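Working through the structure, step by step
Residues per chain, in single letters:
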Amino acid sequence: MMDIQQIKQRFGIIGNSYSLNRAIDVAVQVAPTDLSVLISGESGTGKEVFPKIIHQFSARKHGPYIAVNCGAIPEGTIDSELFGHEKGAFTGALSDRKGYFEEANNGTIFLDEIGELPLSTQVRLLRVLEAGEFIKVGSSKVLKTNVRVVAATNVMMEKATQEGKFREDLFYRLSSVPINIPPLRERADDIYLLFRKFSNDFADRYRMPAIKLQPEARELINRYRWPGNIRQLKNITEQISVIEENRDISGEVMTGYIPFNTGNNLPAVMENPPGGEASFANEREILYKVLFDMKKDMGDLKKLVLEMIQQDGSINAQGEHAHIIQKLYNQETDFTANAPQQGEAPVIINNAPPNNIHGSIEDTEEFVEESLSLEDKEIELIKKALDKYNGKRKYAAQELGISERTLYRKIKEYNITN
């Protein structure tokens, strides 16, 4: 049997990367068997060479070899193309026709872009793989075929099966032996070898000197990601060979042919998960969210007490009560008199416009220490609202000017029972 270097020369494969050599080795090892093979890899990586290797090193090498691009055949005619049809099976079927599976009997059929097959055709293909049987379009007669199937795809088949676009049983039946072809960006040492091969080929074709790369240009092609893989490298080499008069290509010239500013080299944009739920990238965002909720709750509390004061028109602000309320609402209300000492008559609070809007900002810690009496007042107001509406929290929350969620939380916090 040929070694890997001889196989490369025979089939025109350029490169010495380990992943490429491994793919060739697997293809040669599986060739003598009749196992189905699934070749995966990005578009432009040269997947079409490997079915030929498998066919030539198999016992079917003297039989027919047919390559079919499943993505290029319309959905309405693909069954007819693959399995044939009877005369009159559909409009335009003027005579019987053999399909590819019948033509490839005792040989190999290569199904490229297998992920593009319609689901109905996938069922027919599964029957061929499992029983070697098929039925022509418009016929009821079961025909036999002895075909080795090699498939290729540039899509993630596992994802396609999860999304219901490809049958899971067919996927596992096709991928008895998987072969993965590496993208060009993972074969950095092979990029310049391929460039030299293409430049020499185009020099012979167009009868002109071969182009050469200066060190800066060589560095550029090694750093580029090559989303189109070998096909893109070949096209760019041909462009430069035809267009540039100077055969010694500099880095500045090369930048005009390599699209570094395309979206393929930009970071991916992460979308929010469905349902509008927030997604926190780190603990800092979580902390901001907690602080924002705390601020909102404090605003609800201030709004609650202020609205109750405005509704009643007066409040018993004795001693510590008046001091705390005045600290919290010195920008909303103006107390016309100093709070009396405990035991004196209640002070009437007039909700007049504030005279002094430059009140000092109180420390949060001090507010927490002196908020006990305000808490009692809040409990009293919540109980009154619940009594007024016979325990119906929805209407009680509307009366208090807060959300039901806030009211539920405060009822639980204060252990208030109807």
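Our structure is the block above this text.
Definitions and limits used
- Residues numbered from 1 in each chain as written.
- Predicted model: local features only at pLDDT ≥ 70, side-chain atom pairs only at ≥ 80, totals over all residues.
- Heavy atoms only, no water.
- Buried < 20%, exposed > 50% of the residue type's maximum accessible area, 1.4 Å probe, protein only.
- Helix = DSSP H or I, 4+ residues; strand = E, 2+ residues; numbered from the N terminus.
- Arc of directions from axis to C-beta.
- Core = buried A, V, L, I, M, F, W, Y, C linked by side-chain atoms within 4.5 Å.
- Contact = heavy atoms within 4.5 Å.
- Phe/Tyr/Trp six-rings, centres within 6.5 Å; stacked < 30°, edge-to-face > 60°.
- Lys NZ or Arg CZ within 6 Å of the ring centre and 35° of its normal.
- 1 Å grid on protein atoms, 1.4 Å probe; cavity = no way out; pocket = protein on both sides within 12 Å on 5 of 7 lines; lining within 4 Å.
- Points joined across faces, edges and corners; volume = space filled by probe spheres on them.
- Nonpolar A, V, L, I, M, F, W, Y, C, P; charged D, E, K, R; others polar.
- Salt bridge = Lys/Arg side-chain N within 4 Å of Asp/Glu carboxyl O.
- Lys, Arg positive; Asp, Glu negative; His and termini not counted.
- Pairing = 2+ DSSP bridges.
- Axes fitted to C-alpha atoms, helices over the stretch in contact; angles between N-to-C directions.
- Left-handed = near helix turned anticlockwise from the far one by under 90°.

**Describing helix α18 (residues 404-414)**
- Regarding α18, the residues found buried are Thr406, Leu407, Lys410, Ile411 and Tyr414. One side of α18 holds all its buried residues, which, seen down the axis, span an arc of 135 degrees. Turned more than 90 degrees away from the buried face of α18, the exposed residues are Arg405 and Lys412.
- Just downstream of α18 lies Asn415, where phi reads positive at about 55 degrees.

**Notes on the nonpolar core**
- Phe101, Leu111 and Ile114 are the most contacted members of the largest nonpolar core, which has 29 residues in total.
- Where this core is concerned, the elements lending two or more residues are β2 (65-69), α4 (78-83), β3 (108-112), α6 (119-131), β6 (148-153), α7 (157-162) and α8 (168-174).
- Among the elements that line this core, the one with the most residues is α6, at four residues.
- Among residues more than four places away in sequence, those in contact with Ile114 are Leu38, Leu125, Ala151, Ala152, Thr153, Met157, Phe166 and Leu174.
- Listed in part, the 24 residues of the second largest apolar core include Val37, Ile39, Val177 and Ile181.

**As for the packing of aromatic side chains**
- The final tally for this structure, using the stated rule, is six aromatic pairs.
- Measuring from centroid to centroid gives 5.3 Å for Phe83 and Phe101, while their planes differ by 5 degrees, and the two rings are stacked. Of the two residues, Phe83 sits in helix α4 while Phe101 sits in helix α5 (residues 100-103), which places them 18 residues apart along the sequence.
- Given a relative accessible area of 1%, Phe83 falls into the buried group.
- Aromatic pair Phe171 and Tyr172: ring centres 5.2 Å apart, planes at 50 degrees, arrangement tilted.
- On the basis of relative accessibility, which here comes to 9%, the residue Phe171 falls in the buried class.
- Taking the relative accessible area as the measure of exposure, Tyr172 reaches 52% and is therefore exposed.
- Each residue in the set Phe83, Phe101 and Phe134 is aromatic and connected to the rest through ring pairs, giving one cluster.
- A cation sits over an aromatic face here: Arg10 above Phe57, 5.7 Å from the ring centre.
- Here the guanidinium or amino end of Arg218 rests over the ring plane of Tyr192, the centre of that ring lying 3.8 Å away.

**Here's the deal with the layout of surface pockets**
- Its volume calculated, the second largest pocket comes out at about 390 Å³.
- Lining the second largest pocket are 18 residues, with Gly12, Gly46, Glu48, Val49 and Ile230 sitting closest to its centre.
- Looking at the lining of the second largest pocket, the elements that each hand over two or more residues are α3 (49-56), α9 (188-206) and α11 (229-243).
- For the lining of the second largest pocket, the per-class residue count stands at nine nonpolar, four polar and five charged.

**Points about the pattern of salt bridges**
- Across all of its chains, the model carries 19 salt bridges by this definition.
- Two residues, Arg185 and Glu42, come together in a salt bridge whose shortest N-O distance is 2.4 Å. One end of the pair, Arg185, is in the loop between β7 (177-180) and α9; the other, Glu42, is in the loop between β1 (37-40) and α3, and 143 residues separate them in sequence.
- Overall, the relative accessible area of 30% leaves Arg185 in the partly exposed class.

**Considering the side chain of Asp112**
- You can see Asp112 is positioned in strand β3.
- Buried charge without a salt bridge: Asp112, with Lys47 as the nearest opposite-charge side chain at an N-O distance of 5.4 Å.
- Discounting residues that sit within four places of it in the chain, Asp112 has contacts with Val68, Asn69, Cys70, Gly71 and Ala152.

**Focus on the pairing of β3**
- By the criterion of burial, β3 is predominantly enclosed, with five of the five residues buried.
- Across five bridges, the pairing between β2 and β3 is parallel. Bridge assignment links Ala67 to a residue of β3, and that residue is Phe110.
- Relative to β6, β3 runs parallel, the two sharing four bridges. Paired with Thr108 across the bridge in β6 is Arg148.

**Comments concerning the packing of helix α1 (residues 4-11) against α3**
- Direction vectors running N to C along α1 and α3 enclose 115 degrees, while the axes themselves pass 11 Å from each other. You can see that α1 and α3 cross each other, and the crossing is right-handed. Touching Ile7, Arg10 and Phe11 of α1 are Val49, Lys52, Ile53 and Gln56, all from α3.
- Broken down by class, the residue content of the contact of α1 with α3 amounts to four nonpolar, one polar and two charged.

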